[in-house]
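# Reading the structure
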Amino acid sequence: MTASPFDDIRALASSPPAAGAAPALVQSDRLAEISSWLTAWTGKTPPAVNRPVVALYAGARQGVGPRGYARDRLEAVASGGATVCRLAGAQGAGLEAFDLAVDRPTPNAVDKAAMSEKECAATMAFGMEALAKQPDLLIPGVIAAETDMIASCVALALFGGEASDWTDAPDLVVAAVERAREEGGLGDPLQVLRQLGGRETAAVAGAILAARVQTIPVLLDGYAACAAAAVLYKIDPGLLDHCIAAHAGAAKGHARLLAAIDKPPLLALDIVDEEGVGGALALALVKLACEAR
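Residues numbered from 1 in each chain as written. Predicted model: local features only at pLDDT ≥ 70, side-chain atom pairs only at ≥ 80, totals over all residues. Heavy atoms only, no water.

## Brief notes about the overall build of the protein chain
Note the following rule: Strands here mean DSSP runs of E at least two residues long; helices mean DSSP runs of H or I at least four residues long; both are numbered from the N terminus. Atoms considered for the radius of gyration are the C-alpha atoms alone. The globule rule reads 2.2 Å times the number of residues to the power 0.38. Three labels apply to residues, based on accessible area from a 1.4 Å probe with only protein chains included: buried if under 20% of the type maximum, exposed if over 50%, partly exposed otherwise in between. By the convention used here, residues are in contact when the closest approach between their heavy atoms is within 4.5 Å. Using the Shrake-Rupley algorithm and a 1.4 Å probe, accessible areas are obtained, with residue cover drawn only from the displayed protein chains. Under the counting rule used here, the positive set is Lys and Arg, the negative set is Asp and Glu, and His together with the chain ends is not counted. Where a charge lies is defined by one atom per residue type: Lys uses NZ, Arg uses CZ, Asp uses CG and Glu uses CD.
Tallying secondary structure elements over the protein chain gives 13 helices and five strands in all. On C-alpha atoms alone, the protein chain measures out to a radius of gyration of 18 Å, which is about the 19 Å that the 2.2 N^0.38 rule sets for 293 residues. Each of the three principal axes of the protein chain carries a C-alpha extent, and together these read 50 × 45 × 35 Å. Of all 293 residues assigned to the protein chain, the portion counted as buried reaches 54%. For the protein chain, long-range pairs separated by at least 24 residues make up 75% of all intrachain contacts whose partners lie at least 6 apart in sequence. Here the protein chain has roughly 11,900 Å² of accessible surface; of this, 51% comes from carbon and sulfur atoms. On the protein chain, the mean spot of the 24 positive side-chain charges and the mean spot of the 34 negative ones are 4 Å from each other.

Have a look at this one:
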């Protein structure tokens, strides 16, 4: 049998370690649940978050959004001018931004698969580099134009329904998903990812998977990051046991996707921005939960 570039990814996903023992809940409120979740995945009693990291993955797609959008946003993060920079700083969180060849955009999924299997698997592996700094909580996010289109394509392919359930631009989403279906690319969640998700989505999926293997808790950020998580959920729902959804944003399908992967959000602020903004805001609540144990 010919080896697949996805074989190593599937091997990592096949037998992830279990969480540690979670303390019994004295009271059944959300703060207590967060505290118990942190203890189970970090092994810290009492729970604490000392080294949170916001990891942002930047990608671009041909003909999607303004030319140079991702490069401009990367420069805003690098200069400290992006909203997430201030929010992460206020929470004492590290902030890393990864350039996934934004000057060499992937194909528009309406026309062609976003990546080959080899490129998708390699990009997932690259996404795992966010764990190199050994965070005790990871917030993976996306820098890309029109992230709701990317996310809604993945969501529709994974969970079905009507395109209008997931997006305000259903015609483009249907065209992308139908093109992938005709190529036989929707029978495997990893094929959905490589057909319809950009490099940034693949990298986030890799980071979430690596965090699962290393039992590091994850706060899921915006619609695109949750779409990356949904790929892992469709492989095995247990691959998201270490995740909590930070927020339900303004994108049409975001709340619906969170329901599909059984991750009720901590916040519902109708945040438009991706780029780790919702995750950094929810980090404040997670830290408070450590004090309210």
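## Digging into the packing of helix H5 (residues 117-127) against helix H10 (residues 199-213)
Note the threshold: Fitting a line to C-alpha atoms yields each axis, with helices limited to the stretch in contact; the angle taken between N-to-C directions then spans 0 to 180 degrees. Roughly parallel means an angle under 35 degrees; roughly antiparallel, over 145; roughly perpendicular, 65 to 115; everything else is oblique. Crossing handedness: left-handed means the near helix sits turned counterclockwise from the far one by under a right angle, and right-handed means the same turn made clockwise. Gly is placed with the polar residues, together with every amino acid not listed as nonpolar (Ala, Val, Leu, Ile, Met, Phe, Trp, Tyr, Cys and Pro) or charged (Asp, Glu, Lys and Arg).
It is at 6 Å that the axes of H5 and H10 come closest, and there the two elements cross at 55°. Relative to H10, H5 is oriented oblique. Remark: the crossing between H5 and H10 carries right-handed chirality. Residue-level contacts link Glu119, Cys120, Thr123, Met124 and Gly127 of H5 to Arg199, Ala202, Ala203, Ala205, Gly206 and Ala207 of H10. Within the contact of H5 with H10, the residues separate by chemical class into six nonpolar, three polar and two charged.

## Some points on helix H11 (residues 223-235)
Heads up, the rule is: Take the number of residues in a helix, subtract one, and multiply by 1.5 Å to get its expected span.
Here H11 is 13 residues long and its end C-alpha atoms lie 19 Å apart, about the 18 Å a rise of 1.5 Å per residue gives. Among the 13 residues of H11, 10 are classified as buried, and the element is accordingly described as predominantly covered. The complete set of buried residues in H11 reads Tyr223, Ala224, Ala225, Cys226, Ala227, Ala228, Ala229, Ala230, Val231 and Leu232.

## Concerning the pairing of strand S1 (residues 52-58)
Quick reminder of the rule: Only when DSSP finds a minimum of two bridges between them are two strands counted as paired.
For S1, the tally of buried residues reaches seven of seven residues, placing the bulk of the element in the interior. In this structure, S1 lies alongside strand S3 (residues 137-143), joined through seven bridges in parallel fashion. Looking at S3, one finds that Val53 is bridged to Leu138. Note: S1 against strand S2 (residues 94-99), six bridges, orientation parallel. Bridge pairing in S2 places Ala58 opposite Asp99.

## A short note on the packing of aromatic side chains
Rules: A pair of Phe, Tyr and Trp rings is counted when the ring centres sit within 6.5 Å of each other, with Trp represented by its six-membered ring. The angle between the planes then sorts it: under 30 degrees is stacked, over 60 is edge-to-face, the rest tilted.
Per the stated rule, a full pass over the model turns up four aromatic pairs. Ring geometry for Phe159 against Tyr233: centres 6.4 Å apart, planes inclined by 45°, an arrangement best described as tilted. A residue pair is termed long-range when its members are at least 10 positions apart, and Phe159 in helix H6 (residues 147-159) and Tyr233 in helix H11 qualify at 74 residues. Of the residues examined, Phe159 reaches a relative accessible area of 25% and is grouped as partly exposed. Three or more aromatic residues joined by ring pairs form one cluster here, namely Tyr57, Phe98 and Phe126.

## Quick look at the pairing of S3
Counting buried residues along S3, seven of its seven residues qualify, which places the element largely inside the surrounding structure. Side-chain alternation along S3 places Leu137, Ile139, Gly141 and Ile143 on one buried face and Leu138, Pro140 and Val142 on a second face that is also buried.

## Focus: helix H8 (residues 170-182)
To keep things clear, this is the line we draw: What the arc covers is the set of directions going from the helix axis to the C-beta atoms.
Between its terminal C-alpha atoms H8 stretches 18 Å, which fits the 18 Å expected from 13 residues at 1.5 Å a residue. Taken together, the buried positions of H8 are Val173, Ala176, Val177, Arg179 and Ala180. Relative to the axis of H8, the buried residues are bounded by an arc of 155° and lie together on one face. For H8, exposure combined with an orientation more than 90 degrees from the buried face picks out Asp171 and Glu182. Looking at the buried positions of H8, the neighbouring elements they touch are H6, helix H7 (163-166) and helix H9 (189-196). Looking one or two residues beyond H8, the residue adopting positive phi is Gly184, at roughly 70°.

## Considerations on the side chain of Asp221
Basically, it comes down to this: Salt bridge, as used here, is a side-chain nitrogen of Lys or Arg placed within 4 Å of a carboxyl oxygen of Asp or Glu. Polar contacts here mean pairs of N or O atoms no more than 3.5 Å apart (in protein, one a potential hydrogen donor and the other a potential acceptor; neighbouring residues in sequence count only if both atoms are side-chain atoms).
Here Asp221 shows up in the loop between strand S4 (218-220) and H11. Of the side chains with opposite charge, Arg73 comes closest to the buried, unpaired Asp221, at an N-O distance of 11 Å. Only 3.3 Å separates the side chain of Asp221 from the backbone nitrogen of Gly278, close enough to count as a polar contact. Engagement of the side chain of Asp221 in a polar contact is seen with the backbone nitrogen of Gly279, the distance being 2.7 Å. Setting aside anything within four residues of it in sequence, one finds Asp221 in contact with Ile139, Pro140, Gly141, Cys226, His247, His254, Glu274, Glu275, Gly276, Val277, Gly278 and Gly279.

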